[in-house]
Every structure is written in C-alpha cells, then in structure tokens.
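# Results of the structural survey
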Amino acid sequence: MKKIALVAFLLTAAMCYTPATNAQVRFNVNVNVGNQPQWGPVGYDYAEYYYLPDIDAYYYIPQRQFIYFDRDEDEWVFSRALPGYYHYDLYRGYKVVVNDPRPYMNADYYRSKYRRYRGCYGRQAVIRDCHDERYRRHDDDDDDDQGRGWRGRGHRRGEDD
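My aim in this report is to walk through the structure given alongside it, one point at a time. (Residues numbered from 1 in each chain as written. Predicted model: local features only at pLDDT ≥ 70, side-chain atom pairs only at ≥ 80, totals over all residues. Heavy atoms only, no water.)

Another point: the pairing of strand β3 (residues 65-70). Summarising the sheet, strand β2 (residues 57-60) and β3 pair through three bridges and their orientation is antiparallel. Bridge pairing in β3 links tyrosine 60 to glutamine 65. Two strands pair when backbone bridges link them, and β3 and strand β4 (residues 75-79) are joined in this way by five bridges, in the antiparallel orientation. Within the sheet, the bridge partner assigned to phenylalanine 69 lies in β4 and is tryptophan 76. (Pairing = 2+ DSSP bridges. Helix = DSSP H or I, 4+ residues; strand = E, 2+ residues; numbered from the N terminus.)

And the structure:
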C-alpha cells in the first residue's frame, strides 16, 4: 500500500511540476511597398509578382525581373528588361498582383482567369502618380526596370511626345 501511495504521490508531483507550455502565436506582416516599381499598381502593401495580361508576362518584384515565354526556345526567360518587340507601356498596362510561388508554371490558369483585363489601358493607378506617403521613396534610385529611365514606347522621362 505504501508503494502505491508513493507512486501516486510521485505521479501527482510530476504532473504539477511540469512547466506549462505557452502557446506561441506568430504573426508575420510582409510589406514590400518600397521594393515595388514606380509603374506598379497602388493599394498593395505586399506583392511578389505582377501578371501583365496584355503581353502574358510576369514581373518578379524581389529580383526585379520580367518573366516571359520565349516560343523559339520553348522556355521561360528571366530578364531585367522586356525585349523591344513587346512595345509595352508599363505605366498604362494593367497589372494583376499574384502572390503565389512561380505563377508562370501555371500560366494557363492565369491567362484564363485574368483575360478580361487585357486592353484595360490607363484604368489602374500606379505608384508613381500616388500621393500616399508610404509609396514615397527617399533615395535617388531610378527603378522603373525598363532599361534605366525608359517609360516604355521609346520615351525617356521628361521628354515630350
């Protein structure tokens, strides 16, 4: 009987002695407003990719790279600038924010889901024209990523049409 009482006492003491586990709540807030290009759409604190439905291409914000499909090579190409044959104005074309990993690997899905945004030129506010302080840059970085200073359609910033 003494053995049973001793075992019960030890078990009770062990349960009382065990440190309480504290629940840990992890809350991540991703913000990359400062990394988004000046031609990016307004209203997103975080964006990883932009899908450009007019030209069926993507822009990967963290690496500042365009991703487009080269039909001749039958592969996705990663480049700091779009090839000249696109003649695409990044400031006027519609951009869809996509936060899925490697969306170009599911290109058919994005083409069909966002085809209605093709031809929606000038219908989206861009960061360059926004007056919200969170989009303001405090450095001299010219990051429009279309050939250093190019707006698209062959115009340099500040030049008249």
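Once that is clear, we can look at the sheet that holds β3. If you walk across this open sheet you meet the five strands as β4-β3-β2-β1-β5, and the pairing is antiparallel. Single-partner strands in this sheet number two, and they are β4 and β5 (96-98). Each adjacent strand pair in this sheet contributes to an overall mean axis angle of 30°, direction not counted. (Axes fitted to C-alpha atoms, helices over the stretch in contact; angles between N-to-C directions.)

A contiguous patch of negative charge on the surface is contributed by Asp72, Glu73, Asp74 and Glu75. The residue glutamate 73 is located in the loop between β3 and β4 in this model. (Patch = residues over 30% accessible without salt bridge, like charges linked within 9 Å, V, L, I, M, F, W, Y side chains within 5 Å. Areas by Shrake-Rupley, 256 points an atom, 1.4 Å probe, with all protein chains shown as cover. Salt bridge = Lys/Arg side-chain N within 4 Å of Asp/Glu carboxyl O. Lys, Arg positive; Asp, Glu negative; His and termini not counted. Charge placed at Lys NZ, Arg CZ, Asp CG, Glu CD.)

If you look at the biggest cluster of nonpolar residues, it comprises 18 residues, and the most contacted ones within it are Trp39, Tyr50, Leu52 and Leu82. If you list the elements that add at least two residues to this core, you get β1 (49-52), β2 and β3. Tyr49, Tyr94, Tyr104 and Cys120 belong to the second largest nonpolar core, which has 14 residues in total. (Core = buried A, V, L, I, M, F, W, Y, C linked by side-chain atoms within 4.5 Å. Buried < 20%, exposed > 50% of the residue type's maximum accessible area, 1.4 Å probe, protein only.)

Its location among the elements puts aspartate 70 in strand β3. Here the side chain of aspartate 70 touches aspartate 72 through a polar contact of 2.9 Å, landing on its backbone nitrogen. Look past the residues within four positions of aspartate 70 in its chain and what remains in contact with it is Glu75 and Val77. (Polar contact = N/O pair within 3.5 Å; in protein donor to acceptor, adjacent residues only side chain to side chain. Contact = heavy atoms within 4.5 Å.)

Attention shifts here to the pattern of salt bridges. Considering all chains together, one arrives at three salt bridges under this definition. Notably, a salt bridge pairs aspartate 56 with arginine 111, separated by 2.5 Å at the nearest N-O pair. One end of the pair, aspartate 56, is in the loop between β1 and β2; the other, arginine 111, is in helix α2 (residues 107-113), with 55 residues separating them in the sequence. On the basis of relative accessible area, arginine 111 is assigned to the partly exposed category, the value being 30%. Three or more residues are tied together by salt bridges with common partners; here these are Asp56, Asp108 and Arg111.

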